[in-house]
Each structure stands twice: as structure tokens, then as C-alpha cells.
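Residues per chain are reported as follows:
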Amino acid sequence: MSAEKTPIPLGSNFIRAIVEKDIEQGVYSTRKWAGTPGDAAHHAAGQPDPAKIRTRFPPEPNGYLHIGHAKSIFLNFGLARDYGGVCHFRFDDTNPEKESQEYVDSISDAVKWLGFSWENVGPEHNQNSMYFASNYFDLMYRAAESLIENGHAYVDSQSAEEMRIMRGTLTEAGKNSPWRDRTVAENLSLFREMRDGKHADGSLILRSKIDMASPNINLRDPAIYRIKRAHHHNTGDKWCIYPMYTFAHPIEDALEQITHSICTLEFEDQRPFYDWLLGRLAEAGMLAHPLPKQYEFARLNLTYVVLSKRKLIDLVEDNHVSGWDDPRLPTLAGARRRGYVAEGFKLFTDRIGVSKADSWIEYTILEDCMREVLNESSERRIAVLDPIKLVIDNYAVDADGKSQTEDCFAPNHPLKPELGKRVVPLSRELWIEREDFMETPSKGYFRLVPDGLVRLRYGYVVKCTGFEKDAAGNVTTVHCEYLPDTKSGTPGSDSIKVKGNIHWVSVAHAYETEVRLYDRLFKEAHPGAGDSDYLNDINPNSVTLITAQLEPSLKDVNPEDRFQFERHGYFVADRKDSLAGKPVFNRTVTLRDAWQK
RNA sequence: UGGGGAGUCGCCAAGUUGGUUAAGGCACUGGGUUUUGAUCCCAGCAUCCGAAGGUUCGAGUCCUUCCUCCUCAGCCA
């Protein structure tokens, strides 16, 4: 039909290429799935896996999710969705000291908020895909014994400090531990004693037995099981030994029949161990081929924010922000309160792509994505954020001197006439923006100026007749006269053409409330760049609290309702601080403004 | 200085086994529409792919050397 080249699909990246190739070659087509995680025997008794691929999103429940996690979530859940697979939502909870149910809950909330679920998923919509690494402690323990039995692991009596010294350096080989050649029987009995609580924390440790001279330090007999008497949020006090990430993660993937285990670049050096471990366990018959494979991509770096867990904790604990859900924070809880939307994050992740190159994404990309979906989805409303009074001196008053009121009609969405119009009342005294009037206009300014004409949006064209200032010289009131034939929507509305078009709210009808104007938390694109302290780069004006005058319809909205305040930006009714009939608003993001540039 | 990665337009990022004019998005610039200086629409925007050599009829894609950046020495994940 046409000779055009085939278009490159949106979101094409090296991981999708790998998945497509694997599916095409049937690499994972022989896998079986017993319906629940388990070892080789467990799955061998199951059915051919209806899921073409299995990916996983494995957060440790020791903190709040942030924008970087959103990239991983959309990647892993997106892959599963696009290729007929399942994404396992798995808590990597192998270190009880740092983890808690609070984090399990907040992480679950965030994932759900982004639009993903773990109930009734999979090709047959009957799977619950939320898992906990801690549910595999028995199997992991068995795997450790299997390693010992086959001479691939030993119990070391060295202290952590001694181990560090013996490990060597980046350029020097390490030395074998004096305990490296304990017999299988001795190792087994010692390991069982560890499990049974016969030894103090830190006194003994199980290590894999690989190569202390390996150029890859991760292969110099890495620790795989440590003694740690700590209460676990899921297993309670059942265990006093816990597996290390290095050991636990590959096994978790294998037990869950994961096909593509996708993580960030810093785990690249870990991959040889991942493959080594799974290889040994497969030899021992505990796992079956094909084994899961690990792939790495570059983690997200965003300008003007910090995403490291440590820094986020500092910001919260040192009260630089109000909490984990502070709207200025890049946490998903914060983004949600700020008014950011899940579809915006989806757009964002599609737009930034996935690769192995370290990169810094400009924060405006994220803002643009939010603008793009909010423009489409948000109804328009009118809000005056920095009010001065406009008096229409020739506007009709009743016999008692009170202003008359008339209805103006404002479309709820200019791109969607089917959403209808709403009434906004007009009267003699209005609130307008301070910046919409200039006594001596700068070049190119086309709003209200002395003797000038401007349209009151959805109302009349008015002519400025004068203004008043206070003692400090600030304009407090502008006077004008309206042109009766020019009302919007009437035949004469176009009789006079004006370029300026300003919004307004009737003083007598306005809903006065608090509005928080958020700006970026950091004033530098790369907070803490070089050796500087990132806290020094905090923007002292990241939030401005104002009292704004809003159109009356805004009084009765629900928490998390989102609107575009015309000519200002997108705002959301705060989900925490809004009371019934008394919402307060957060500015999500401003509109683009070609004039201020 | 050992190992493992990465370097394509200001910011991201496609570029199958080398094949002839280096996708796309964001940003930017110019123009149009518009009762939001918003949205939308149109046009422009890398003779060049970290650098230098080489192989080839032909290289971002192959070879050599070099440069820069990231990452690994937790009983964290």
C-alpha cells in the first residue's frame, strides 16, 4: 500500500527488545507455574505458565515511594501488561530492623494510586500477585543448607572487621578466611546452631564459597545469612537469622518464576553472583531451568529534586518539609497531594524512556506531562490570587443603593462544550488580579491601563476611568465604566475588539480561602552538586500561603477535585486540610506563560 | 591503579546482522487560530553520532588507541 518505513513504536527500548526476542524464541515457553511460588518440585506439578513473562516490582518496606519508583513501576507493570504477563508486587523484607507495616501500607497505596492492582490479575484474572520475600524464609534456609551440603558455602567465625580486611581492595585480591575449609558436617551443624539461637548476633555468618581473588568484589565469598535477633513485621520472632539481599533476591525471583528481573545499574556487579547462585541451586535440583535473568537500567535523576532515601528522610525529620506527603516532596504521597496525577506519571515514563545511560531529566518534563493531562481533564474555574478591587461606576444599583447582580456564563471546558457552562455572578464591585492593571504599562502589556479597554472574561468590555492608591503607593482600587452592548454571548459582544481579557470574581459572591502556591523545593538544578551541602540549595520560598478570592462554585468541591484556575494554572483541593464546604487549594503547576519570558 | 557499565542535537532517546537523506519527544525560534499572553495548528531546528586513526565500494554501527563520566571493598537493599 505505502512504501513508508515502519514506525518505531513509542517506548521502544532495550528491555522491550529483549522481552520480544525471548518470547519469539520461546525461551520461557516451557515454564510451569503451580499457582503459588515454590521450588522446582512445586512448579513441576503445576500447569504450563499462562503468563508469557513474569516481572516484579520489589520495594523494601523501609520508606516511602518516590518518582524514581514510578519509573520502575510503569516499566515492570507495563511490560507485563503489554506482553501478556504478570508483574509481581513483592515486598523485599529481609532486614527486619528497617522495615514496618506502615511502609507496606504506604507503598501499597502508592502503587494502587498509580493505577495498578495485585488482586485478580494474570491471564485468567485469578491471581493475587502481592508477595513477601519473608514468606520464603523456609525455602531460603533450605537453599542455604543445599549450598553447604554441596560445598558452596561455609560458616565464618571472623568478625565483620576481619572480613573487611581479608576482602582485599579494588586492586588487591582478598585472602581466604581461616574458617573457609570447615567440613560440610561442621558447617551444617554450625549453621543449624545459628538458626537455633545458639550464637550471638554477629559472631558467626554464612558465606558463599566462590573466589577471594575475583576481580569482582561481589564474588569474594559474599555473606548470605546473618544472625540478627529482631522482630520481623511478618514472621515475628520465628527467625533469628535472616538472608542477605544478595542471596535472597535471586531466590525470590526463581521461586516466583520471574523471567525478567529488572533493576537499576548499581546491581550490575551483582549479576554474576545472581547467576552463580541460581546455577548452584539448579544443579542441586531445587530450581529448574529456565532461570530468571537480571537486567539493569539507569535510575531516574531529576533536576531540582533529591531522590535519595537518606536525603528525603533528612528533609522530613529535620522539618524542612511538613511530612512524607508534603506537596513539595518528590514522594508519590507528596506528588498526589500536590495534585499530580497517575496518568501524568505514565506519560512521563513513556517520554523519558529506558536506557543504560546515566541521565538527568529536566524537571519541566514532568511538569509538562502533568499540564498535558490536566489540561485535558480539568474543568476551568476562576480565582483571583492577588486581589485588588475593580469598581464599575456606571453599573446599575437598586433603589437602596445596592448593586444589581447578573449571571454570566462560563464554559466548564473550552475543548469540551458537552461539559456545559456554569453561572458566575457579576456585580458592581469585583476582585481582579493586581498584575492585570498597570498605571504605566510596560512594552507589549495589553491588560488594564488608564483610559484603556479590556474585556472582563465572560462579561463586558470596560474602560478604565481612574484608580486609587494607599499611603504606600499601592493601587487598591481601579475604577471603570462598562460598555452595555458588549456582553459575552450577545450579538453585540464583538462590536468592540480588545486584546486584553482579564478574569474577575464578584466581591459580594466570592469564596475566600487559603491557597498554597508551591514552587520547587531546591533552587539549584543539581542540589548538593560537587561537595556542597544539598541543604544549602533549598529554595527558601518554596511555598507561599495566600488568601485568594474564588468564584462561589469552588466552595462546594471535594478533596482532590482538580481544576484549572484560568490564566493561573492547575489546582487541587488539598486532600488533608479541606473541610466540607471549606476547601483549601494547592497549586499543582502553573500554566505556561510566554509573556513572562 | 582492578572489575563492571555508559558516552547520538540544550535535555531525553530510537537506531535489527555495516548500505546509501541519523526516528521521535521536550525545549527553542518563526507564523496562524483563540474571549485563558493557555490549549491547538504549521514550519524550522545534528553533513553529524566522546576523540583520533584504520578496514570497506559504503560505518553511529567492525578494528585499534585514547579521553570523560558512573559504579563495586555493609553481617543495607
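Remember, predicted model here, so these are calculated numbers, not experimental data.

(A) Structural detail: the sheet that holds strand β9 (residues 241-243). Taken in spatial order, the 4 strands make up an open sheet running β6-β7-β8-β9, and their pairing is antiparallel. Each edge of the sheet is formed by a strand with only one pairing partner; in this case those strands are β6 (153-156) and β9. Here the strands of the sheet are splayed against their neighbours by 20° on average, with no regard to which way each runs. One ladder, built from 3 bridges, connects strand β8 (residues 223-227) with β9; its direction is antiparallel. In the sheet register, Tyr225 faces β9, and the bridge partner there is Pro243. Docked against the sheet, helix α7 (residues 184-195) engages β6, β7 (205-208), β8 and β9, running at close to 60° with respect to β6.

(B) The protein's contact with RNA strand B, seen in detail. Around RNA strand B, a shell composed of 67 residues is seen, among which Asp269, Arg380, Arg447, Ser488 and Arg592 lie nearest. Within 4 Å of the protein, the contacting atoms of RNA strand B are 63% sugar and phosphate, with bases supplying the remainder. Take Asn95: an N or O atom from its side chain is 3.1 Å from a sugar or linking oxygen of RNA strand B. Residue Ser355 places a side-chain N or O atom 2.5 Å away from a phosphate oxygen belonging to RNA strand B.

(C) Spatial organisation of the environment of Phe563. With respect to the secondary-structure elements, Phe563 resides in strand β25 (residues 562-565). Between the alpha carbons of Phe563 and Pro58 there is a distance of 35 Å; along the sequence they are 505 residues apart. Excluding residues within four positions of it along the chain, Phe563 makes contact with Ser378, Glu379, Arg381, Leu554, Val557, Gly569, Tyr570, Phe571 and Phe585.

(D) Layout of the packing of helix α5 (residues 137-149) against α7. Contact pair α5 / α7: the axes reach a minimum separation of 9 Å and the direction vectors enclose 160°. As summarised for this structure, α5 and α7 are arranged roughly antiparallel, according to the angle between their axes. As for the relative orientation of α5 and α7, their crossing is right-handed in sense. Residue-level inspection shows Tyr141, Ala144, Glu145, Ile148 and Glu149 of α5 in contact with α7, the latter providing Val184, Asn187, Leu188, Phe191, Arg192 and Arg195. Taken together, the residues that form the contact of α5 with α7 break down as 6 nonpolar, 1 polar and 4 charged.

(E) The arrangement of the environment of Leu281 in detail. Topologically, Leu281 is positioned in helix α9 (residues 271-283). For the pair Leu281 and Asn150, spaced 131 residues apart in the sequence, the C-alpha separation amounts to 9.7 Å. Beyond its immediate sequence surroundings of up to four residues, Leu281 is in contact with Ala143, Ser146, Leu147, Ile251, Met286 and Leu287.

(F) Quick look at the sheet that holds strand β4 (residues 86-91). Taken together, the 3 strands give an open sheet; going across it, the order is β3-β4-β5, and neighbouring strands pair in parallel fashion. Among the strands making up the open sheet, the edge pair consists of β3 (54-57) and β5 (130-132). Across the sheet, the mean angle separating the axes of adjacent strands is 35° when strand polarity is ignored. Bridge count for β4 against β5 is 3 bridges, and the pairing is parallel. For Phe91, the partnering residue across the bridge sits in β5 and is Phe132.

(G) Up close: helix α1 (residues 14-24). Within α1, burial applies to Ile15, Arg16, Val19 and Asp22. Taken around the axis of α1, the buried residues stretch over an arc of 125°, which confines them to a single face. In α1, the exposed positions angled more than 90 degrees off the buried face are occupied by Lys21 and Glu24. The backbone nitrogen of Ile15 has a side-chain oxygen 2.9 Å away, supplied by the residue at the start of α1, namely Asn13. A positive backbone phi angle near 65° is found at Gly26, which sits one or two residues after α1.

(H) Structural view of the confidence of the model for chain A. On average, residues of chain A carry a pLDDT of 95, and 98% of them reach 70 or more. At the level of chain-chain contacts, confidence expressed as ipTM amounts to 0.95, with global pTM at 0.95.

Each value, and the rule that gives it
- Residues numbered from 1 in each chain as written.
- Chains lettered and ligands numbered in written order.
- Predicted model: local features only at pLDDT ≥ 70, side-chain atom pairs only at ≥ 80, totals over all residues.
- Heavy atoms only, no water.
- Pairing = 2+ DSSP bridges.
- Helix = DSSP H or I, 4+ residues; strand = E, 2+ residues; numbered from the N terminus.
- Axes fitted to C-alpha atoms, helices over the stretch in contact; angles between N-to-C directions.
- Contact = heavy atoms within 4.5 Å.
- Near = heavy atom within 4 Å.
- Polar contact = N/O pair within 3.5 Å; in protein donor to acceptor, adjacent residues only side chain to side chain.
- Parallel < 35°, antiparallel > 145°, perpendicular 65-115°, else oblique.
- Left-handed = near helix turned anticlockwise from the far one by under 90°.
- Nonpolar A, V, L, I, M, F, W, Y, C, P; charged D, E, K, R; others polar.
- Buried < 20%, exposed > 50% of the residue type's maximum accessible area, 1.4 Å probe, protein only.
- Arc of directions from axis to C-beta.
- pLDDT = per-residue confidence, 0-100.

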